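# Summary of the model geometry
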Amino acid sequence: MVRLTALLGLLMLPSAIAAQTVAQRIGATTDGRVRLSFAARHGVCGSGEHSITITSDDERGEWEGDCRPGPVRVSLRMHGGRVTEAHTYVGGRWRPSTEAVTDLGTVSAVAAADELLALAERADGDAEELVTAATLADSAVVWPGLLRLARRPDLPLETRKQAVFWLGQAAGEAATRGLDSLTTDEHGELEVRKQAVFALSQRPDNEGVPALIHIARSSPSGELRKTALFWLGQSEDPRALALFEEILR
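In what follows, the accompanying structure is described. (Residues numbered from 1 in each chain as written. Predicted model: local features only at pLDDT ≥ 70, side-chain atom pairs only at ≥ 80, totals over all residues. Heavy atoms only, no water.)

Take the sheet that holds strand 5 (residues 82-90) next. What the four strands build is an open sheet, ordered 5-4-1-6; its pairing is mixed. Whereas interior strands pair on both sides, the edge strands pair on one side only; in this sheet they are strand 5 and strand 6 (101-106). When the angles between neighbouring strand axes are averaged without regard to direction, this sheet yields 15 degrees. The sheet strands contacting helix 4 (residues 127-135) are strand 1 (32-38), strand 4 (72-79) and strand 5, and the helix crosses strand 5 at an angle near 40 degrees. (Pairing = 2+ DSSP bridges. Helix = DSSP H or I, 4+ residues; strand = E, 2+ residues; numbered from the N terminus. Axes fitted to C-alpha atoms, helices over the stretch in contact; angles between N-to-C directions. Contact = heavy atoms within 4.5 Å.)

Turning our eyes to something else, we now look at the state of the cysteines. Disulfide: a covalent bond connecting the sulfur atoms of a pair of cysteines. This model, assessed by the stated rule, comprises one disulfide. Two residues share a disulfide in this structure: C45 and C67, whose sulfurs sit 2.2 Å from each other. Between C45 and C67, the S-S torsion sits near 95 degrees, and that sign places the bridge as right-handed. Of this pair, C45 sits in strand 2 (residues 44-46) while C67 sits in the loop between strand 3 (52-54) and strand 4, and the two are 22 residues apart along the sequence. (Disulfide = S-S within 2.5 Å.)

Turning our eyes to something else, we now look at the packing of aromatic side chains. Inspection of every chain in the model, using the stated rule, returns four aromatic pairs. Where F165 meets W166, the ring centres are 5.2 Å apart and the plane angle is 80 degrees; that geometry is what we call edge-to-face. Judged by its relative accessible area of 28%, F165 is partly exposed. Among the aromatic residues, ring-to-ring pairing joins F198, F230 and W231 into one connected group. (Phe/Tyr/Trp six-rings, centres within 6.5 Å; stacked < 30°, edge-to-face > 60°. Buried < 20%, exposed > 50% of the residue type's maximum accessible area, 1.4 Å probe, protein only.)

Bringing the pairing of strand 1 into the picture now. The buried fraction of strand 1 is high, at six of seven residues. Pairing of strand 1 with strand 4, which is carried by seven bridges, proceeds in the antiparallel orientation. Across the sheet, F38 pairs through a bridge with V72, a residue of strand 4. Summarising the sheet, strand 1 and strand 6 pair through four bridges and their orientation is parallel. Directly across from S37, in strand 6, lies its bridge partner T106.

Here it is, written out as structure tokens:
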């Protein structure tokens, strides 16, 4: 009976581990190194250690690069249940480690992105690396989490600026609305708000131009108005030229 119970326990172990969430599996290692891998979103590839590229499709369809399209691989150093060190790679393979490592294998990209952003909120180091890794995950909607990070005044400035940068790269009108709200937050730090202005200028198809025009016209901050006007000048958008004419007249 004892042997049978032990055997049943061994048979149930893999399914019990599979039932755990990514957060639970990472949280189980309070001290030590954790590795995980997940699918990269379209256009993300790696061409060497620490070399990550986000590409766009060749419209003519006549060229294909040598960059390897995933997976994303993240290595975390945990201490006291918090991340103290993080490294992100795309493609390649893990080398054998001389220390004990908990390798979670390939996990859900969406779940990984959610947990990486959650870890970034309480990390003791490399929070920016966690934010970047989360944005590379396939099919993950990261902009709400990025916006949450950007609005946390208790987080380090660099963490918030990194969140704003990737928020600016996130696709969709919703991300632009979020950036617009950051620039108009009079209680926010000026550097974070200026980063949001820059991020608006990087939106595809000049979709951030209306928000930039609004900032240039009505922001109480002279620094933000000046920054918005600078990036409008880089846009070559007819609406920006109309604003310049209006101001100069």
